[in-house]
Amino acid sequence: MSAPASDHGHAEPTSFTFSQENLELAKRIIAKYPAGKQASACMPLLDVAQRQNGGWLPRVAMDAVADLLGMPRIRVYEVATFYTMYNKNPVGRHHIQVCTTTPCWLRGSDDIVHTCKKKLGIEVGETTADGQFTLGEVECSGACVNAPVVQIGDDYYEDVAPEHMERILDALARGETPKPGSQTGRQSSEPIDGPTTLKVFTTAQADATTAQADD
Amino acid sequence: MPKLTIDGIEIEVEPGTSILQACEQLGIEIPRFCYHERLSVPANCRMCLVEMERAPKPVASCAMPCGDGMVVRTNSETVLKARKGVMEFLLINHPLDCPICDQGGECDLQDQAMAYGFDRGRYGENKRAVEDKYMGPVIKTIMTRCIHCTRCIRFINEVAGVPDVGAVNRGEHMEITTFVEKAIGSELSGNLADVCPVGALTHKPYAFTARPWELRKTETVDVLDAVGSNIRVDARGPEVMRVLPRVNDDINEEWLSDKSRYSYDGLKRQRLDRPYIRQNGKLVPASWAEAFTAIAARLKGLLGNRIAAISGDLVDVEAQFALKELLSRLGSTSLDCRQDGARFDTSVRAGYLFNSGIAGIEKADVILLVGTNPRWEGTLVNARIRKRYLAGNVTIASIGEQRDLTYPYSVIGSGPETLQQLVDGSHPFAETLRAAKNPMIIVGMGAFRRADGLAVQAAARLVGEAYGMFRDDWSGFNVLHTAAARVGGIEAGFLPGEGGRDVHGILDGASKGEIDFVYLLGADEIDTAKLGNAFVVYQGHHGDAGAHRADVILPGAAYTEKNAVYVNTEGRPQLARLAVFPPGEAREDWKIVRALSEVLGNTLPFDTHGQLRQRLMAANPIFGAVGETTPAAWAPFGAQGPVDTAPFVTPITNFYMTDPISRASVTMANCTEALVGPAQERTGTHG
């Protein structure tokens, strides 16, 4: 079932060094924790390393974090393999993570996955030949009220319907950044047909945002 | 002190005692997998569940401290049901391969499944399979059997101090692995298989060779270093099948170094199983009578001052004592048990013993290592220092080489001049020593194995005196020996007598033709080229350096093949017991000396082992206190004098091959290849 993380057929880089800028950032992160407890900075530093390395964490980057924090390398390896948000394999420029846990599934996440597959010509877990898109399925993204949810990079796209998904992928392919958040123009997680209470206070605001979303 | 009721029995326990420990005090057995009394408590296997009044659910007894007024039940319906549930989950992914599993018959999971398992599985899905991992030359892995108790991770992190093992991935994908696919660089890695409650980690050299119920178990002591670890030798027929540690909290706790554990295959190779005599430059097999006659012929008319003896690292006390008696009857006083050429004063016991005891390390607050690499010279002493380090508030410093000792320490100097600076207080570290309550100094053979050994010993003593290491309530002056025979030899008086030569003098004399007869009692670590034209008798169990040079070979018994006394570095006499008989015509060593004495017409006055022991005890009463240490009275020792500024060098270049047994071992050769590596300089005698 599970293969060792080292064995996925991709070429591991042989070295990793934090950029000057990221090293400064790492030092600021480490400074948040009391002296002697710098291992607490492990997770944010892995994130910094992953961002610097184009969205994935090679083992040399884990080693760099371990060495920076004075931790045994295996400890960092344990953390990195525990969390699915650290990608141990290379990903495309846009990492599309479709939530397929129950609420999203009930609201049609299967169609979203299908749309992605059709549009990109790849299966779940694969990357397009041009290295632009990686498609992934994830467990609950924690935004069930706005299901179905797709996370692309750092942004959440909510209330996604297949046609929204196509639009988003097209926009990304063109190099644009589609507007994140609810794709139907819903304000945060209010009822889908608009507010049912406190209308007096929200109508003006809601009108304003709807107008904005329609732009 | 909390008072609680367990199964209707009231018990009062020390604060901080867990319910599981309290149950053990009452003799109630609690099943467990992840809990190990010498490791931290993760409470992740859930097998030790008990029912507690006013608790909504069963609690993990290993992690629940006793509280006042608790009412605990360990045998109720709920408890049984909970444990059965846990067991069923553990067995979901555990293969049913007990018949081909090396742990079979001594497996915690197997035993506890007898009590808490169902007679059939309800799990119809595919079981999970996990790729096996490489963990080095001594640990075999079958990771599908792993139940993720994490004992191995905790052992290697906490006790061994080599964080090479971890758990990767999560949930049902969790796997135990090394980082990544590398050999575990610890001298204690064999203990991983001991702590593993299932057959996931087993001993590679023991794989598929025996079943525990076929083995004859003999409780004895280890002699491959001077620690004197307590071991159990498991034998089947004439063969030693494996070596396991025994619990002794004063010495090895329940761990064992890889050399002590896996060298046993060396006991089956290169053995001397019959006497040999050199004829026309070649060793030819002979009978005992012929061998003794050849020795007698050579000794005839020889003056005592032309006879000498050197004893080796693995020799028991009885043989050394018997040979000493024989030599004194032949008029010789040239005998030495320090074949490595170490120079130290043996007139005062405190000057050559590990006075605080190995357990005493836990009381020290400043530890100064002098010319020693305890990780290689006394692996379990090092483990104890690490245990002290983990307890906190200790300063560890070293005078000598920079090595990875598995705990942080500072190198404050490289040679004897640093000791002198500490004596006169001019070294910055003097301040730390002065502030210490229980300072400790551990001097290794690297400090004595040099021309100025006696002066170094005196300097170390002066450091001890200056900082209160010789007190009525604390003795912090320790010598870490490297050979199991050494302290026993000294206590038995196998030392140069009046006008006698030490090992340097003997070799010097032999090369100059001043010594005609050298008796090597298991001595292999000497420069045999220096024996010149002397007639050499080698008594020992392996065809190593000494036997190659010998004119007559007398086949002796290895430590697993005789009843004998060994004295460890603490000065603690311990009994080695016969587990298997010596091969072929080989005999117990004291008997050989006794038989030879008769041929020489100088019959030694003992016919049985009992009589020999009696004489031994009369000569030195410490041999009577088996298993105990006799505190050594303090008196000045060493010889103050000029010291060389050369840095201390550790005497061991390859941990895995230090003596004839480990040099003959294939497992140790594999370890050397995998772990010592080509970077390590290999000399003629070390590999």
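Residues numbered from 1 in each chain as written. Chains lettered and ligands numbered in written order. Predicted model: local features only at pLDDT ≥ 70, side-chain atom pairs only at ≥ 80, totals over all residues. Heavy atoms only, no water.

1. Observations concerning the pattern of salt bridges
Residue and element names in this part refer to chain B.
Link 1 in the chain: Applying the stated rule across the entire model yields 59 salt bridges over all chains.
Link 2 in the chain: In this structure, Glu-187 and Arg-375 form a salt bridge, with 2.7 Å as the shortest nitrogen-oxygen distance. A residue pair is termed long-range when its members are at least 10 positions apart, and Glu-187 in the loop between strand S8 (175-178) and helix H5 (190-195) and Arg-375 in helix H9 (residues 374-377) qualify at 188 residues. Accessibility assignment for this pair places Glu-187 and Arg-375 in one class, buried.
Link 3 in the chain: Across the pair Asp-250 and Arg-572 runs a salt bridge, and its minimum N-O distance is 3.8 Å. With Asp-250 in the loop between strand S12 (239-245) and helix H6 (258-262) and Arg-572 in the loop between strand S25 (564-567) and strand S26 (573-576), this pair connects stretches of sequence that are 322 residues apart.
Link 4 in the chain: When salt bridges with common partners are traced through the structure, they connect Arg-38, Asp-249, Glu-253, Glu-254, Glu-362, Arg-384 and Lys-387 into a single cluster. (Salt bridge = Lys/Arg side-chain N within 4 Å of Asp/Glu carboxyl O. Helix = DSSP H or I, 4+ residues; strand = E, 2+ residues; numbered from the N terminus. Buried < 20%, exposed > 50% of the residue type's maximum accessible area, 1.4 Å probe, protein only.)

2. Description of the packing of helix H2 (residues 77-92) of chain B against helix H3 (residues 108-116) of chain B
All names here are of chain B.
Link 1 in the chain: Where H2 meets H3, the closest approach of the two axes is 10 Å, and the angle between their N-to-C directions is 135 degrees. Taken together, the axes of H2 and H3 lie oblique to each other. Considering only the axes of H2 and H3, their crossing is left-handed. Here H2 contributes Leu-80, Arg-83, Lys-84, Met-87, Leu-90 and Leu-91 to the contact with H3, which in turn contributes Leu-109, Gln-112, Ala-113 and Tyr-116. (Axes fitted to C-alpha atoms, helices over the stretch in contact; angles between N-to-C directions. Parallel < 35°, antiparallel > 145°, perpendicular 65-115°, else oblique. Left-handed = near helix turned anticlockwise from the far one by under 90°. Contact = heavy atoms within 4.5 Å.)

3. Some details on the packing of helix H6 (residues 109-120) of chain A against helix H7 (residues 162-173) of chain A
All names here are of chain A.
Link 1 in the chain: Orientation of H6 relative to H7, taken along the N-to-C sense of each, is 35 degrees, at an axis distance of 9 Å. When you trace H6 past H7, the crossing you get is right-handed. Contact with H6, carried on its side by Asp-111, Ile-112, Thr-115, Cys-116, Lys-119 and Leu-120, involves Pro-162, Met-165, Glu-166, Leu-169 and Asp-170 of H7 and no other residues of that element.
Link 2 in the chain: Its residues assigned to classes, the contact of H6 with H7 shows six nonpolar, one polar and four charged. (Nonpolar A, V, L, I, M, F, W, Y, C, P; charged D, E, K, R; others polar.)

4. Brief notes about the UniProt feature "domain: 4Fe-4S His(Cys)3-ligated-type" (unreviewed entry) in chain B
Link 1 in the chain: Here the UniProt feature "domain: 4Fe-4S His(Cys)3-ligated-type" (unreviewed entry) sits at residues 78-117 of chain B.
Link 2 in the chain: For residues 78-117 of chain B, the end-to-end C-alpha separation is 15 Å, with 60% helix and 0% strand making up the annotated structure. (UniProt positions renumbered as here; feature names shortened; annotations may be inferred.)

5. Remarks on the UniProt feature "domain: 4Fe-4S Mo/W bis-MGD-type" (unreviewed entry) in chain B
Link 1 in the chain: Per the UniProt record, "domain: 4Fe-4S Mo/W bis-MGD-type" (unreviewed entry) is annotated on residues 215-271 of chain B.
Link 2 in the chain: Here residues 215-271 of chain B runs as 9% helix and 35% strand, with 23 Å between its end C-alpha atoms.

6. Re the side chain of Asn-568 of chain B
All names here are of chain B.
Link 1 in the chain: Residue position: Asn-568 is located in the loop between S25 and S26.
Link 2 in the chain: The buried category is assigned to Asn-568, whose relative accessible area is 2%.
Link 3 in the chain: Among the polar contacts made by the side chain of Asn-568, one reaches the side chain of Glu-570 at a distance of 2.8 Å.
Link 4 in the chain: Apart from the residues within four sequence positions on either side, Asn-568 is in contact with Ala-226, Val-227, Gly-228, Ile-251, Val-487 and Gln-574. (Polar contact = N/O pair within 3.5 Å; in protein donor to acceptor, adjacent residues only side chain to side chain.)

7. Some remarks on the sheet that holds strand S3 (residues 49-52) of chain B
Residue and element names in this part refer to chain B.
Link 1 in the chain: The strand order across the open sheet formed by five strands is S2-S1-S5-S3-S4, and the pairing between neighbours is mixed. Each end of this open sheet is capped by a strand with a single partner; those strands are strand S2 (9-12) and strand S4 (59-60).
Link 2 in the chain: Bridging between strand S1 (residues 3-6) and S2 involves four bridges; their strand directions are antiparallel. Pairing of Lys-3 across the sheet is with Glu-12, part of S2.
Link 3 in the chain: The strands that H2 touches are S3 and strand S5 (71-73); relative to S3, the one it contacts most, it runs at about 150 degrees. (Pairing = 2+ DSSP bridges.)

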